Amino acid sequence: MWEWLKSIVSDTGIMSAVKVTFIMAVSSTAISSVLGILFGLLLERFSFPGKRIVVRINRTLMGVPPVVAGLVVYLLIMRRGPLGPLSLLFTIKGMVIAQVLIITPIISGMIYSYARKAAPSIRVFAATMGADRWQTARLIIRELRKEIYFCMVTGFGRSISEVGAVMLVGGNIKGRTRTMTTTISLLKSQGIFTEGVALGIVLLVMAFILQWICDLLQKEGEEDENY
Amino acid sequence: MRITDLEKTIGTFHMEVDDLYIEPEKIHGIVGPNGCGKTVFLKIAAGILPPDTGTVDYDGLSPRDITMMFQRPYLMHTTVYENLIYPLKIRGIRPDEEEIDRMLSRVGLKEQKRQYARSLSSGERQKLSFLRAVIFKPRMIMVDETLSNLDSESEELFAGMIGEIQKVRPVTWLIVNHQMDHICRLCDEMHYMEKGRFVKR
């Protein structure tokens, strides 16, 4: 068992897949969080004609099949596509773009529904306290911090588990754009199941450790809570 | 404060206030049956809800001088202490710790100072909400049923504290209640509402 684990850790191919997955997931979660949280909160804050349609489109995009998003990004960044000259095809950057397209609507849609429930009463409270616009906005974000954190974790989970878009846009190039999920998919097609399962376990352990760290960071400020 | 030609329609509810003068630094009680528009009136007077037409003249008071207490107060997801000092924080005022401890022990919340605010009982929540509303020394305080449904001990406590505030630094109070008996002994002036209008009695 130990030897086997050691062989995995020393395998440069696997380690590179871990690294690529990690860089990609962290980048796409970070970008999607900024975009999604901002969009979700603004959508709740302002009303404008066609808002209901926007909300509905957002909800639809929450369930967009990753391969479809991957295909769209592929068409955009392929050599003859409109963004072809930027040479993003088969790069981690390209993969991140595709993932941002998948994850942002999920985060913004979740944030929107959380904010719609909580923000009106927070706004009234802030008004009675004499808070100005920025203080009110800050209070809403602070009061929704747990929900925001949860949305980010969800986004990260989507990111590391995603195969289709990453495969299409990244091209599954060994050592460069091969992620853990695309490695597993490849191993399966070669009939190498044990390594595939092992990699899956590594992936889960990684997610578990990261969540644990986030939870620890979260708890720090909230020791007083005893409910 | 003077309210003139106020109109507000929400669904089937319609409110009309031609002319109402609220004498400053006095305790005003607003009494009326459920659904007569007391809360709506209070929200408009507090500047939280915009009227359809009409004006509310605050006689020089800014929105920061006015606060409102709700029957079910909003408590932030943090400690009792942090909730209490929030209005000071947003005004950049440093809290006077001794004063805060004194206030908290007065209402019996000293022990719960570092506790999560949402773990308080509903009576304790109202006490915290009361302290939070008076701590930043507003000039006008709207009270939406906070003082109804209290046990007699808490009622005494709030009445006593309001009395003390009025002695030291008078505030304009607008206290809404659906029952007469609880507040009339506290109030300088009573107003009666019926179906969205103020009526003489």
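Residues numbered from 1 in each chain as written. Chains lettered and ligands numbered in written order. Predicted model: local features only at pLDDT ≥ 70, side-chain atom pairs only at ≥ 80, totals over all residues. Heavy atoms only, no water.

Caption draft 1: Expanded view of the confidence of the model for chain B. All names here are of chain B. Put simply, chain B has an average pLDDT of 91, and 99% of its residues get 70 or more. When pLDDT is averaged over each helix and strand of chain B, the minimum, 90, is found for helix H5 (residues 152–168) and the maximum, 97, for helix H2 (residues 80–89). Interface predicted TM-score (ipTM) for the complex: 0.92; the corresponding pTM is 0.88. (pLDDT = per-residue confidence, 0-100. Helix = DSSP H or I, 4+ residues; strand = E, 2+ residues; numbered from the N terminus.)

Caption draft 2: Region of the structure containing the packing of aromatic side chains. Applying the stated criterion across every chain yields a total of six aromatic pairs over all chains. Pairing A:Phe125 with B:Tyr74 gives two aromatic rings, centres 5.4 Å apart and planes at 35 degrees, and the pair type is tilted. Here B:Tyr74 lies in the loop between strand E5 (66–69) and H2 and A:Phe125 lies in helix H5 (residues 92–129), a pairing that spans two chains. Given a relative accessible area of 14%, B:Tyr74 falls into the buried group. An aromatic cluster is built from A:Phe125, B:Tyr74 and B:Tyr86, whose rings are joined through pairwise contacts. Taking the ring centre of B:Tyr81 as reference, the NZ or CZ of B:Arg114 above it sits at 4.5 Å. The ring of B:Tyr74 has B:Arg118 sitting right over it, with the charged end atom 5.2 Å from the ring centre. (Phe/Tyr/Trp six-rings, centres within 6.5 Å; stacked < 30°, edge-to-face > 60°. Buried < 20%, exposed > 50% of the residue type's maximum accessible area, 1.4 Å probe, protein only. Lys NZ or Arg CZ within 6 Å of the ring centre and 35° of its normal.)

Caption draft 3: Examining the environment of A:Tyr149 more closely. Residue and element names in this part refer to chain A. When you line up the elements, Tyr149 lands in helix H7 (residues 145–161). Expressed as a C-alpha distance, the spacing of Tyr149 and Phe193, which sit 44 residues apart in the sequence, is 35 Å. The contact partners of Tyr149, leaving out residues within four places of it in the chain, are Gln211, Cys214, Asp215 and Gln218. A distance of 3.0 Å separates polar atoms of two side chains, one belonging to Tyr149 and the other to Asp215. (Contact = heavy atoms within 4.5 Å. Polar contact = N/O pair within 3.5 Å; in protein donor to acceptor, adjacent residues only side chain to side chain.)

Caption draft 4: Just the interface of chain B and chain A, in detail. Listed by partner, the interface residues are 22 residues for chain B and 19 residues for chain A. Taken as a group, B:Tyr74, B:Tyr86 and B:Tyr116 account for 34% of the area that chain B buries against chain A, more than any other trio of residues on that side. If you look at where chain B meets chain A, you find zero salt bridges. Between the two partners, chain B and chain A, sit eight residue pairs in polar contact (both at pLDDT 80 or more). Counting residues per element, the side of chain B that touches chain A draws most heavily on E5(B), which supplies three residues. (Buried area = accessible area lost by both parts, 1.4 Å probe. Salt bridge = Lys/Arg side-chain N within 4 Å of Asp/Glu carboxyl O.)

Caption draft 5: Inspection of the sheet that holds strand E8 (residues 189–194) of chain B at higher detail. All names here are of chain B. Across the sheet, six strands lie side by side as E5-E6-E7-E3-E8-E9; this open sheet has mixed pairing. Two strands in the sheet have a free side with no partner beyond their single neighbour: E5 and strand E9 (197–199). Across the sheet, the axes of successive neighbouring strands diverge by a mean angle of 25 degrees, strand direction being ignored. By the bridge criterion, five bridges tie strand E6 (residues 140–144) to strand E7 (residues 172–177) in an arrangement that is parallel. (Pairing = 2+ DSSP bridges. Axes fitted to C-alpha atoms, helices over the stretch in contact; angles between N-to-C directions.)

Caption draft 6: Examining the nonpolar core more closely. In terms of nonpolar packing, the biggest core is built from 63 residues, with B:Tyr86, B:Leu128, B:Phe130, B:Leu131, B:Ile162, B:Trp173 and B:Ile175 touching the most fellow members. Broken down by element, this core gets its largest block of residues, eleven residues, from H5(A). Setting aside anything within four residues of it in sequence, one finds B:Trp173 in contact with B:Lys26, B:Ile27, B:His28, B:Met69, B:Phe130, B:Val134, B:Ile141, B:Val143, B:Ile162, B:Ile165 and B:Gln166. (Core = buried A, V, L, I, M, F, W, Y, C linked by side-chain atoms within 4.5 Å.)

Caption draft 7: A look at the packing of helix H2 (residues 12–45) of chain A against helix H3 (residues 51–62) of chain A. Residues and elements named next belong to chain A. Viewed as axis vectors pointing N to C, H2 and H3 meet at an angle of 150 degrees, and their least axial separation amounts to 11 Å. Between H2 and H3, the angle is such that the two are roughly antiparallel. Where H2 crosses over H3, the handedness of that crossing is left-handed. Along its contact with H2, which presents Phe39, Leu43 and Glu44, the element H3 presents Lys51, Val54, Val55 and Asn58. Partitioned by chemical class, the residues of the contact of H2 with H3 number four nonpolar, one polar and two charged. (Parallel < 35°, antiparallel > 145°, perpendicular 65-115°, else oblique. Left-handed = near helix turned anticlockwise from the far one by under 90°. Nonpolar A, V, L, I, M, F, W, Y, C, P; charged D, E, K, R; others polar.)

Caption draft 8: Examining the sheet that holds strand E1 (residues 2–10) of chain B more closely. Residue and element names in this part refer to chain B. In space, the three strands of this open sheet follow the order E2-E1-E4, with antiparallel pairing throughout. Among the strands making up the open sheet, the edge pair consists of strand E2 (13–21) and strand E4 (53–57). The mean angle between the axes of side-by-side strands here comes to 25 degrees, regardless of whether they run parallel or antiparallel. In the sheet, E1 pairs with E4 via four bridges, with the strands oriented antiparallel. Each bridged residue has a counterpart across the sheet, and for Thr4 the counterpart in E4 is Thr55.

Caption draft 9: Summary view of the packing of H5(A) against H7(A). All names here are of chain A. Between H5 and H7, the least distance of the axes is 9 Å, while the angle of their chain directions is 155 degrees. Taken as axis vectors, H5 and H7 run roughly antiparallel relative to one another. The handedness of the crossing between H5 and H7 comes out as right-handed. For the pair formed by H5 and H7, the contact residues are Gln99, Ile102, Ile103, Ile106, Ile107, Met110, Ile111 and Tyr114 on the first element and Glu147, Ile148, Phe150, Cys151, Thr154, Gly155, Arg158 and Ser159 on the second.

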